[in-house]
Amino acid sequence: MDSKPDYCATDNKEKLYMETPVMYSFPLSKHAGFKVYLKLDNLQPSGSFKIRGISNMIQKGIDRGDSEHVYCASGGNAGMAAAHASKQLGIPCTIVVPQTTPEFVNERLRNLGAEVKVHGSVYDEAKKLAVELGSQPRCMLIPAFEHPDIWEGHASLINESSRQMSERPDLVITCVGGGGLLNGIVQGMRDVGWDEVPVLAMETHGANCFNAAIAAGEAVFIPAITSIAKSLGSLIVSPQTLEYYKQACPRILNEMVSDNQVIDACVRFSDDHRFLVEPACGASLAAVYSNVVKQLQDSGKLGTVKSVLVVVCGGSIVSTAVMEKWKADFGM
Ligand SMILES: *Cc1c(COP(=O)(O)O)cnc(C)c1O
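Residues numbered from 1 in each chain as written. Predicted model: local features only at pLDDT ≥ 70, side-chain atom pairs only at ≥ 80, totals over all residues. Heavy atoms only, no water.

Peer 1: Just to check I follow, could you spell out the pattern of salt bridges for this structure?
Peer 2: Oppositely charged side chains are able to pair whenever their charged atoms sit close together. Taken as a whole and judged by the stated rule, the model has 15 salt bridges. Between R110 and E103 there is a salt bridge, with its nearest N and O atoms 3.1 Å apart. On the basis of relative accessible area, R110 is assigned to the partly exposed category, the value being 36%. Among the charged side chains, a network of salt bridges with common partners joins K39, D41, R52 and E160. (Salt bridge = Lys/Arg side-chain N within 4 Å of Asp/Glu carboxyl O. Buried < 20%, exposed > 50% of the residue type's maximum accessible area, 1.4 Å probe, protein only.)

Below, the structure is given as C-alpha cells:
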C-alpha cells in the first residue's frame, strides 16, 4: 500500500482530514438580511465532512489492534471517506455496494485503492455482507453514522469553526440523514461553549426520519426514501440524535423542505459560489435561500439572528451533467 498521500495535506500532518475554512458569504448574507458564514466541508478531499468521523473511527480501531481490514457498505460519501482514510492509514479496505451503484462511483473507489465488491440488488444485501466480513477477527465494520467515534470526529468541525470565527453565531444550520453529523455538531457545540446557540436541523420531505422520530417520541422507521436527497436517506435516525433533541442543550429545531427547494438551493449556490454540492447539502442551504430562518423568526420559534453558520456538508455524487439534469427535471 502507498504511503500517506499528499492530497490530504494540512499544516498538521497528524490530521486525516482537512481543516476547512469558514467563509463569509456576501450573496447569501445579502439574500438573508443577516450575516451568513459557510463552513466549507465540501472542500474535504473525500467530498464531504464524513472523512472527519470515519477517519477517527478507523484510526481508533487500528490503535486497538483492529488493523487487518476495513469494510464499509456504501456507494456514497461514507464509502469515499472510508476508502480515503484507509489509504492514508495504510490499511486494506473493501467497499461493498449494491448492483444499483453507478460505475463511476465504483471507479472512484478503486482509484483510491479500495476493493469494490458488488453484492445484492439493494443496499440491505450489501450491508449484510459487509457486517459479515467486518466481524472477522481484527477487522472493522464502518457504519455511515451510528458510532461514537464517528460523532467525536465530526465534532472537530465545530471546534475548528469556533477558533476561526471572530464572533459566536446566533444559529448553526445543518442537515440530518442518520444523525451522525448532528450528534457531532451537538458534541462540538458543548465542547466550545456554544450550547446556548440553537441548531436548525434540516431534512427533506421523503427523507425525514428525524422529523418522524420527534413526532413519535422515539426513533421509528419511515416506510421509504422518496426524496432526491439520497445522502439523507436513512430509514431511521440515531437514537442519540433524538436524545440530544430532548435534552435541548443546544436547542434543536427541525424543519423540512421539498426536493424543489433543495435543487433550487444547489443551483443558486453553484451560481453564487461556484461550488457543486449534493441535494443533502442543498437542504441546509435552502434554510437560507428558501427563507426558513425568516419564517421561524416570524412565527416566534426563533429569536433575533444576526449571524448564522451554515455547515456546507458537500457530497461527491454530483457533477455538472447531474446539475443540468436536475435543472431540466425541475423546470429551472
Ligand atoms: C452522510 C451525509 C449527510 C447526513 O449525515 P448523517 O450523519 O447521516 O446525518 C449529509 N450530507 C452529506 C453530503 C452526506 O454525505
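So that's the structure; there's more coming.
Peer 1: Can you walk me through the packing of aromatic side chains in this structure?
Peer 2: Each aromatic ring pair is described using two quantities: the centre-to-centre distance and the angle formed by the ring planes. The full count for this structure, using the stated rule, is four aromatic pairs. Taken together, a centroid distance of 4.9 Å and an interplanar angle of 85 degrees make the contact between Y24 and F26 edge-to-face. According to the relative accessible area criterion, F26 is exposed, its value standing at 63%. An angle of 90 degrees between the planes, with centres 5.8 Å apart, marks the rings of F210 and Y245 as edge-to-face. In this pair, F210 sits in helix α9 (residues 209-216) while Y245 sits in helix α10 (residues 239-247), placing the two residues 35 residues apart along the sequence. (Phe/Tyr/Trp six-rings, centres within 6.5 Å; stacked < 30°, edge-to-face > 60°. Helix = DSSP H or I, 4+ residues; strand = E, 2+ residues; numbered from the N terminus.)

Peer 1: What is the right way to read the nonpolar core from this model?
Peer 2: Soluble globular proteins: nonpolar side chains tend toward being buried together. Core analysis: the biggest nonpolar cluster contains 71 residues, and V36, I173, L200, F269 and L285 have the highest contact counts within it. Examining the composition of this core, we find that eight residues originate from one element, helix α12 (residues 279-289), more than from any other. Residues contacting L200, with those up to four places away along its chain left out, are L171, V172, I173, T174, L253, E255, A287, V292, V293 and L296. Counting 26 residues, the second-largest nonpolar core is a separate cluster that includes I95, A114, M140 and I142. (Core = buried A, V, L, I, M, F, W, Y, C linked by side-chain atoms within 4.5 Å. Contact = heavy atoms within 4.5 Å.)

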